[in-house]
Amino acid sequence: MRLRIVPHSFLQHGIACLRRVATPALVLLGLVAAPTGAQAATWQPVPLADLAATESAWSPGAAAEVLLSSHELSQTANGTHVEQYFRVKIYTQTGVELVSKRSVEADEKEIISAVAGRVVKPDGRIVELSKEHIFETVEKKVGAEKRTRTSFAFPDLGVGDVVEYRWKSSYYGGVSSIRFPIQDSLPVRDYGFKLGSMRDRGSIYYMHCPSAKLTEFGLTAELTAQNLPAFEEEENMPPAPEFKAWLTVVRAYGSMTDADIWVRFSSYYATEFEAAVRPGGAVKKKVGELLGGAASDEEKLQRLYDFCQRSITNYDWVNSPEIRAEKEKSRKETVPSPSRTLERGAGWSDDINYLFAAMARAAGYKVREGRSASRTEIVGVRGANGHIFLDRKCVAVEVGGVWRYFKPAAYFVPFGMNQWWDESVAVLRCDDKVLFDTTPAAPATASQTKRTGRFALDAEGTLEGDVEESYTGHAAINAKVVSWEDSDEDVAKKFREQLAKRLPTAEVTAIEWTNLRTREMPLTVKYHVRVPGYAAQAGSRLALALSFFETGQPVAFAAAERKYPIMFPYSYGEYDDIRIVLPEGYVLDKGSAPKPVADGANTISATYKLGYLPKTRTFTYERDFTLGGNGVTSFRVESYPVLKALFEKVHASDTHSLLIKPKASAPVPAPAPADATPATPVVPQS
Amino acid sequence: MSPRSLGLAALVGLVVLASAGLHAAAPAAPAWVLEMAARSTPSTVAGAPAVVLLDEWNHEVLPDGRVALTVRHVVRILNRSGAAQARASVFYRDKDDSVKATNAWLVRDGKTVTPPKKREWADVSAASIGAIFDESRKRAISYEDVVCLGDVFAYETRVERRMLFGQVQNVWHCSLPTLVDRFVLKVPPGWSCEVAARSGTAVGLLKETVAGQTRTWELLDRPYRPDEPAMADGARLDALVAVNLVPPAESAGSAPFVPRDWAAAADWDWQNSLGQCDTDAALAAEARKLTADCADPLARIRALSRYVQQLRYVGVNKNLALGHGYRPRKATEVFARGWGDCKDKANLMVALLREVGIEAFLASAQTEEGRLVNPDWPSLNQFNHAIVAIRVDDTVKLEPIVDVPGAGRLLFFDATSQTALLGDLPWALQGSKVQVIFPGNKGLTTLPVLPIDRFHVFETKLELELTGAGAVGKCTTGGPGRAGAFWRGFALWKTEKEQREYLEERIGKGLRGAQIREFSATDDPVTGERRVAVDLAVPRFGQPMPGVGLIVRLDLLGRDNVPAFPELERRLPIGLTPALVRETIRIRLPEGYAVEEMPKAVQLQTPYGTYSSAYDFAERTVVVQRTLRLEDRTVPVAEYAALRKFLGDVAKADRSSLVLRQPPAQ
């Protein structure tokens with residue numbers, strides 16, 4: 001049996017899901033819950049130093065510390081077994097709360113047995129977890145599915161105690177892959193994994209743990225790791241599995257090498273895909289109709305894409321009485337058929353993507369299946385066994401020698417884009433070879449937010465006016481997806497609540513959405529807003545923050561330090577166009593402009609343009625912000641101080657205020673229409 | 001046709017049916033569902049996600065004293081958000097209750113719709129928060145994924161349960177518009193119903209009918225009242241009817257207990273808990289050890305209160321039908337385990353106090369809308385919590401002390417709270433009605449609302465020194481009472497990293513870019529004051545204004561205590577939580593700086609609260625003092641605009657700025 005560690009850094013593999021080899025739903029032979037309680041458990045003595053410790057030697061400030069945790073995986077004729085063990089030291093009262101109760105969940109295929117625990121006091125006394133401390137509850141039971149929870153609360157627990165607990169999970173059958181979390185919300189001093197005798201022919205480790213040591217003993221193996229700090233997520237970080245230690249055991253396939261396995265999976269997916277996308281006569285005929293007159297590849301593919309997305313009802317999104325019967329009947333179809341999808345005019349997401357593939361093939365393009373992982377789950381999948389993470393499918397089409405990736409079933413995603421979590425990811429183009437691409441990311445110009453405000457300010461600092469916000473690309477897609485299951489009333493209510501978070505006195509009325517429920521772009525929202533106290537009183541003057549749309553926003557990256565890299569979902573741009581009419585009798589008091597911000601590489605940039613139309617007492621303000629203008633949205637942790645400083649500068653510029661003051665002398669003439677006079681530039685930027 | 005042929009035909013039929021892969025069509029919805037589904041939706045419910053066409057709770061008392069509860073519910077889905085209403089659940093207690101029927105239907109255009117795949121009712125744990133075991137369960141089903149706009153979802157459930165008390169109550173307080181909201185009560189021959197209490201803003205609209213042994217109360221056409229911020233207790237309480245079920249004389253001994261007055265309720269509770277307070281040598285020794293250094297009774301009480309409050313909260317809810325939901329575990333057992341629920345902890349406290357010569361009692365309380373406990377209906381069903389009432393003499397001068405007839409001067413204390421120390425009460429209990437459990441206690445006791453200026457004070461002091469472009473300084477925040485409890489919980493339940501992040505976020509709302517250097521806390525277990533002190537640096541403080549100087553914003557401290565009301569319209573009364581927020585900001589200016597413009601002082605006085613701000617500049621230090629006081633008050637809907645105006649004026653006054661003049665360049 002071969003075992004292998006693949007040491008990782010950022011941008012390598014990720015999550016495995018627990019998948020068992022399917023077994024007949026028959027008797028679980030030989031799996032009988034062992035007696036719970038101390039009688040069945042043997043414990044190793046706790047070192048005196050650990051009993052006496054008052055804080056963690058290597059993770060100071062920790063409320064509790066996992067001194068030792070382990071997993072042991074083995075297989076017998078009866079099934080697969082995992083034994084888990086934990087030893088935790090408590091340093092503070094918070095630690096008591098964190099460790100106080102434990103529970104283990106199991107589904108109907110799993111049996112939990114040999115639950116045992118004990119508390120070791122600092123003076124060496126031992127309090128055993130007895131049967132009366134252990135409770136089993138059926139969490140949920142529906143038909144044959146059942147989930148149970150075994151819970152226990154340690155007796156007599158206090159600061160300084162060491163808690164130990166263990167249990168065994170057993171299930172009939174083998175596994176194709178099984179994942180074990182190593183790193184936790186508490187620091188872990190020592191972690192051990194044992195691979196016992198396995199019935200399946202060989203197993204391969206797949207692991208992400210920087211400080212691990214693997215030792216093989218013939219058919220078994222042990223892995224240890226030390227001093228794993230408590231894992232705590234940070235804002236805008238890559239997916240946690242990129243950095244949180246875990247271990248996966250993957251079933252081996254005889255003597256196949258990693259490369260062989262990749263080829264095998266790639267060809268397997270390719271073969272399945274081929275069978276699913278054969279264009280029949282009806283599909284070819286439809287393609288002919290759709291592409292009549294289309295000149296370029298772009299136009300052809302867009303017609304096919306739009307047809308599949310807009311003319312084929314997507315069962316994953318739509319639920320109406322008219323389609324209900326067919327929709328449910330379709331759940332029983334086991335073999336995809338583009339012809340059937342076309343004829344029915346409806347299908348599930350996979351059906352729609354297959355139809356597109358079949359149509360593209362019928363139009364003469366080479367098509368393949370693309371397989372990738374979501375960027376919210378994992379980033380790097382190209383290493384050994386990375387195929388186990390590739391659970392997202394798309395259609396790869398070769399256009400002019402370049403492979404492009406499409407998913408028309410993505411309900412709101414326009415042609416030429418993918419959902420942001422499918423962008424900038426490694427995609428396996430399934431074939432009899434292993435071919436990887438990286439899906440492109442939409443440029444910032446594709447996700448543009450344009451916000452227009454026309455306001456008037458009164459002498460008490462109340463701002464009132466009309467706003468229009470429009471969104472394209474990812475910003476629009478996200479808003480539509482999030483609102484899909486909300487009524488119009490709830491959308492309006494949430495909109496007001498969101499605005500109130502940064503402008504608590506804001507009164508919003510006449511909210512009107514366009515394209516919220518359709519695929520058209522841009523998505524726009526118009527509303528009327530009144531904000532008492534918007535301008536801050538400063539004696540006889542008013543301090544006016546011009547950037548209505550940024551006022552009250554928190555500054556990003558407030559933390560002084562950073563542990564993990566930074567990853568933004570996508571590139572985007574914002575353009576704000578604001579006009580504010582000052583109250584009668586007020587004038588600008590020595591204006592100044594916010595400073596532009598740029599990093600020189602077009603990663604982040606913010607420019608501002610201010611003007612003042614004296615005849616109409618109107619401020620004009622334009623803000624142009626771009627993140628990822630050069631396509632870069634991920635940054636190493638070393639970049640954090642620079643990034644933080646940039647965002648602070650942007651924030652300072654965004655919240656730039658001007659002072660206005662009452663005019664001392666003659667009455668002010670009636671204001672002319674807003675655009676009658678060219679704007680007078682404000683004092684050049686300082 | 002021969003039997004063999006018939007059998008064969010049947011077998012073939014079965015095979016055909018099985019091979020079609022279809023589950024049997026759902027039974028047709030019963031007539032009462034179709035009748036309600038045929039009702040039209042009134043135009044007045046516009047905006048609601050769904051309209052309840054019928055909500056009926058039918059209690060049938062069975063001759064053996066058990067009660068069969070049948071619920072019928074019919075709801076029409078009106079918009080996307082309404083799909084979530086296509087769910088049903090029925091609660092029951094494992095082993096004691098028996099779920100007799102669970103049915104659900106989907107009706108569209110007057111016809112029953114068979115759901116796409118067979119729907120089964122899931123059996124789910126309904127454990128309360130903090131419980132590691134709970135007999136409470138529910139059966140639940142959802143049609144959320146298949147329901148369409150305009151569909152009618154209906155369900156009927158029936159559960160037979162053993163009654164602990166011969167009392168039932170029905171509350172009309174729906175949030176969705178409801179056409180028919182009905183409570184039916186049927187008792188066997190020889191039994192009678194005593195309506196013990198009726199209350200609610202719409203109780204006068206209740207239609208009551210009596211037909212033989214059956215009584216029906218019905219409220220029609222209730223409006224749509226979705227959740228809103230800061231809803232007052234009982235904001236949606238349309239009506240409440242509480243009924244005692246009186247058995248015939250010959251069954252009185254075996255029928256569920258009905259407390260005819262509060263004394264009977266207290267007696268029952270007392271008997272139910274008898275013996276649970278007994279101690280043993282270990283417990284007695286612990287009591288003595290914990291109070292060894294205590295000079296007086298108050299010190300002993302305080303020492304024991306801290307011990308019990310730190311005991312872990314773990315609930316194990318068993319034998320509820322036998323009254324164990326009201327019976328604490330033995331004090332000796334709770335002590336040995338080191339955990340318990342509210343009644344366990346309160347009982348342990350009573351036991352420990354008795355060991356050191358201090359008498360105490362359990363008291364039943366209600367943590368949700370405790371001010372609405374109805375004194376006209378003696379019933380333990382009105383309570384969900386247990387606290388402690390400790391007898392003290394005149395030398396003890398703490399706030400939550402009430403003279404209770406028959407028990408004397410009692411100090412009330414919540415042993416479950418880990419953050420509200422002795423002398424304080426969690427806000428949810430202040431003003432609520434409790435029953436002290438001792439034999440013959442005839443009434444309820446109203447717990448005091450603790451004085452705003454000593455228990456609801458939130459104090460923040462910010463001292464900054466301007467240093468060129470930035471500032472350094474210290475922020476101290478906290479207070480006694482609720483503020484102390486909040487910060488105590490903050491330290492207890494958050495890791496150090498989480499605490500730092502929270503402080504950065506909270507301080508960063510006003511002081512953009514503030515960096516926390518260090519933070520620490522002080523906690524006074526006697527006064528209950530807890531304060532957090534933060535050393536900070538603000539790299540960019542103020543905005544330079546060429547030709548003017550520096551603009552410094554003064555809305556630096558946030559307004560977490562003030563509810564936000566983004567909606568212009570309001571349907572339900574508002575419940576204000578009292579608070580006295582005091583803020584002092586001192587900004588020391590470098591040499592040569594002057595204040596060019598100072599905000600104007602503001603004074604606001606309204607029935608909802610007051611606000612004042614004052615600004616001063618002396619000895620190079622700008623001093624800003626603000627005080628906001630919110631009263632403990634229910635604000636009727638008609639005054640919503642006035643309340644919003646007050647809070648808006650507060651926000652306006654907070655959003656003030658200083659203009660500083662920098663010294664001329666040398």
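About the cut-offs
Residues numbered from 1 in each chain as written. Chains lettered and ligands numbered in written order. Predicted model: local features only at pLDDT ≥ 70, side-chain atom pairs only at ≥ 80, totals over all residues. Heavy atoms only, no water. Helix = DSSP H or I, 4+ residues; strand = E, 2+ residues; numbered from the N terminus. Buried < 20%, exposed > 50% of the residue type's maximum accessible area, 1.4 Å probe, protein only. Contact = heavy atoms within 4.5 Å. Areas by Shrake-Rupley, 256 points an atom, 1.4 Å probe, with all protein chains shown as cover. Lys, Arg positive; Asp, Glu negative; His and termini not counted. Charge placed at Lys NZ, Arg CZ, Asp CG, Glu CD. Phe/Tyr/Trp six-rings, centres within 6.5 Å; stacked < 30°, edge-to-face > 60°. Buried area = accessible area lost by both parts, 1.4 Å probe. Salt bridge = Lys/Arg side-chain N within 4 Å of Asp/Glu carboxyl O. Nonpolar A, V, L, I, M, F, W, Y, C, P; charged D, E, K, R; others polar. Pairing = 2+ DSSP bridges. Axes fitted to C-alpha atoms, helices over the stretch in contact; angles between N-to-C directions. Parallel < 35°, antiparallel > 145°, perpendicular 65-115°, else oblique. Domains from an automatic or database assignment.

## A few points about the overall build of chain B
Reasoning step 1: A tally of regular secondary structure across chain B gives 11 helices and 38 strands.
Reasoning step 2: Within chain B, the fraction of its 666 residues that count as buried is 55%.
Reasoning step 3: The contacts in chain B between residues at least 6 apart in sequence include a share of 73% that link residues at least 24 apart.
Reasoning step 4: Just so you have it, chain B exposes about 28,000 Å², and 52% of that area is on carbon and sulfur atoms.
Reasoning step 5: Positive and negative side-chain charges of chain B, numbering 82 and 79 respectively, have mean locations separated by a distance of 3 Å.

## Examining the overall build of chain A
Reasoning step 1: Regarding its fold elements, chain A presents 11 helices and 37 strands.
Reasoning step 2: The buried share among the 686 residues of chain A stands at 53%.

## A word on the packing of aromatic side chains
Residue and element names in this part refer to chain A.
Reasoning step 1: Applying the stated criterion across every chain, the model contains 61 aromatic pairs over all chains.
Reasoning step 2: Judged by centre distance (5.6 Å) and plane angle (80°), the ring pair of F152 and F154 falls under edge-to-face. Accessibility classification places F152 together with F154 in one group, the buried group.
Reasoning step 3: Residues Y305 and F356 carry aromatic rings whose centres are separated by 6.0 Å and whose planes lie at 85° to one another, so their mutual orientation is edge-to-face. Of this pair, Y305 sits in helix α5 (residues 297-311) while F356 sits in helix α8 (residues 349-362), and the two are 51 residues apart along the sequence.
Reasoning step 4: Judged by relative accessible area, which is 1%, Y305 ranks as buried.

## Examining the interface of chain A and chain B
Reasoning step 1: Counting from both sides, the interface comprises 81 residues of chain A and, opposite them, 73 residues of chain B.
Reasoning step 2: Together chain A and chain B conceal approximately 6,300 Å² of surface at their shared face, both sides included; 51% is due to carbon and sulfur atoms.
Reasoning step 3: Interface area lost by chain A to chain B is led by F135(A), R324(A) and Q537(A), which between them contribute 10%.
Reasoning step 4: Joining chain A to chain B, the criterion identifies 6 salt bridges.
Reasoning step 5: For R541(A), the salt bridge identified is with E596(B), shortest N-O distance 2.4 Å.
Reasoning step 6: Each residue belonging to the side of chain A that touches chain B can be placed in one class, and the counts come to 26 nonpolar, 25 polar and 30 charged.
Reasoning step 7: By the bridge criterion, 2 bridges tie strand β7 (residues 134-142) of chain A to strand β6 (residues 122-125) of chain B in an arrangement that is antiparallel. Residue pairing across strands places K140(A) opposite V124(B), the latter belonging to β6(B).

## Points about the side chain of N441(B)
Residue and element names in this part refer to chain B.
Reasoning step 1: Its place among the elements puts N441 in the loop between β23 (433-436) and β24 (445-446).
Reasoning step 2: A relative accessible area of 5% means that N441 is categorised as buried.
Reasoning step 3: Dropping the residues within four chain positions of it, N441 is found in contact with W262, A263, A266, P405, Q435 and V436.

## Notes on the packing of helix α4 (residues 281-290) of chain A against α8(A)
Residues and elements named next belong to chain A.
Reasoning step 1: Between α4 and α8, the least distance of the axes is 9 Å, while the angle of their chain directions is 70°. In terms of orientation, α4 and α8 fall into the roughly perpendicular class. On the side of α4, the interface is formed by V283, K284, K286, V287 and L290, while α8 contributes L355, A358, M359 and A362.
Reasoning step 2: In terms of residue class, the contact of α4 with α8 is made up of 7 nonpolar, no polar and 2 charged.

## Notes on the sheet that holds strand β22 (residues 434-438) of chain A
All names here are of chain A.
Reasoning step 1: What the 5 strands build is an open sheet, ordered β20-β19-β18-β21-β22; its pairing is antiparallel. Since the sheet does not close on itself, it has two edges, and those belong to β20 (402-406) and β22, each with one partner. Going across the sheet, the axis of each strand differs from the next one's by a mean of 40°, ignoring polarity.
Reasoning step 2: Where strand β18 (residues 367-372) lies against strand β21 (residues 426-430), 3 bridges are found, and the strand directions are antiparallel. The residue of β21 that forms the bridge with R371 is L428.
Reasoning step 3: Strands in contact with helix α3 (residues 258-276) are β18, β19 (392-399), β21 and β22; relative to β18, the strand with the most contacts, it is inclined by about 125°.

## Considerations on the domain arrangement of chain B
Interface size is often expressed as the accessible area that is lost when the parts come together.
Residues and elements named next belong to chain B.
Reasoning step 1: Assigned domains within chain B: domain 1 (3-251), domain 2 (262-449) and domain 3 (453-661).
Reasoning step 2: Taking only C-alpha atoms into account, the centre of domain 1 sits 48 Å from that of domain 3.
Reasoning step 3: With 10 residues of domain 1 at the contact, the number on the domain 3 side is 11 residues.
Reasoning step 4: Taking both sides of the interface into account, the surface hidden between domain 1 and domain 3 amounts to around 870 Å²; carbon and sulfur atoms contribute 61%.
Reasoning step 5: Three residues stand out in domain 1 for area buried against domain 3, namely E228, P229 and A230, and they jointly supply 52% of the buried area on that side.

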